[in-house]
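The primary structure of each chain is shown beneath.
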Amino acid sequence: MALELGFVGRRRCFEEARRYVFELAYGPRDVTIVDSAVGGAGVALDCSGDLLLQLFLGLSSALSGAVLGVDLGAVRNGVVMVWRGNPLLHAVVPAEGLKRILSGVKGVSEISVGFSPYVDPSEILGVLKALCGAAPRVKLVDESKASRGRYWLRRKYPGLAEDEIDALSFVLARGIALDICRKP
């Protein structure tokens, strides 16, 4: 059974949130995102602020055990959130946006990061190490091995950017779990 995400609030805010949320419905659902101007129970969202950051922070807190997928790029980075096999959020962000998301999430069980000879994951290793309290596992995934699932994901989610497809494929692929949180 898929988790249903709903939204209660102003239509303009709903339309912007829908750009980042997989299958967001208008009205209350299993988990409801609530426009803070309207009020009510659910994951609060201030529509005048950084919606994407608030969505990642709010849903990671409300749905503990979520997994993040990160596709590192030279200019753009894909990031997705999946909870119990249900893709929830997707975005393409600059390096600073990715650092803000990774620094603010709470309750994430794993972060799957793609690596290739063209991208150096050590650039965000410091940010990932700072997450030791928030995410118990960091998984490095070989991009060339994860690429086998891209065709299927592209067909299933045709509206996603290439970076988002890659990030989603990293969540689903096998990788090497790193224990970067252990004290020496």
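Reading the values: rules and limits
Residue numbers run consecutively from 1 along every chain, following the written order of its sequence. Only residues with pLDDT of at least 70 are given local features in this predicted model, and only at 80 or more are side-chain atom pairs given and counted; all residues enter the totals for whole chains, interfaces and linings. Water and hydrogen atoms play no part in the side-chain values, which are based on all heavy atoms of the structure. Between any two strands, at least two bridges found by DSSP are needed for them to pair. Runs of E in the DSSP output that reach at least two residues are strands. Runs of H or I that reach at least four are helices, and both are numbered from the N terminus. Axis definition: a line fitted to C-alpha atoms, over the contacting stretch in the case of helices. Angles run 0 to 180 degrees between N-to-C directions. The contact criterion used is simple: two residues touch if any of their non-hydrogen atoms lie within 4.5 Å. For every residue, the accessible area (1.4 Å probe, protein chains only) is compared with the maximum for its type, and the residue is labelled buried under 20%, exposed over 50%, or partly exposed between those bounds.

Asks: Could you give an account of the sheet that holds strand β3 (residues 31–35), with specific residues and numbers?
Replies: Taken in spatial order, the 4 strands make up an open sheet running β2-β1-β3-β4, and their pairing is parallel. Every interior strand has two partners, whereas the edge strands, β2 (24–26) and β4 (43–45), have only one. Going across the sheet, the axis of each strand differs from the next one's by a mean of 30°, ignoring polarity. In the sheet, strand β1 (residues 5–8) pairs with β3 via 3 bridges, with the strands oriented parallel. From the neighbouring strand, Gly6 faces β3, where its bridge partner is Thr32. Along the sheet, helix α1 (residues 11–18) contacts β1, β2, β3 and β4; its crossing angle with β2, the most-contacted strand, is approximately 165°.

Asks: Summarise helix α7 (residues 162–172); cite the residues concerned and give the values.
Replies: Taken across its 11 residues, α7 has 9 buried, putting it largely inside the fold. The complete set of buried residues in α7 reads Asp163, Glu164, Ile165, Asp166, Ala167, Leu168, Ser169, Phe170 and Val171.

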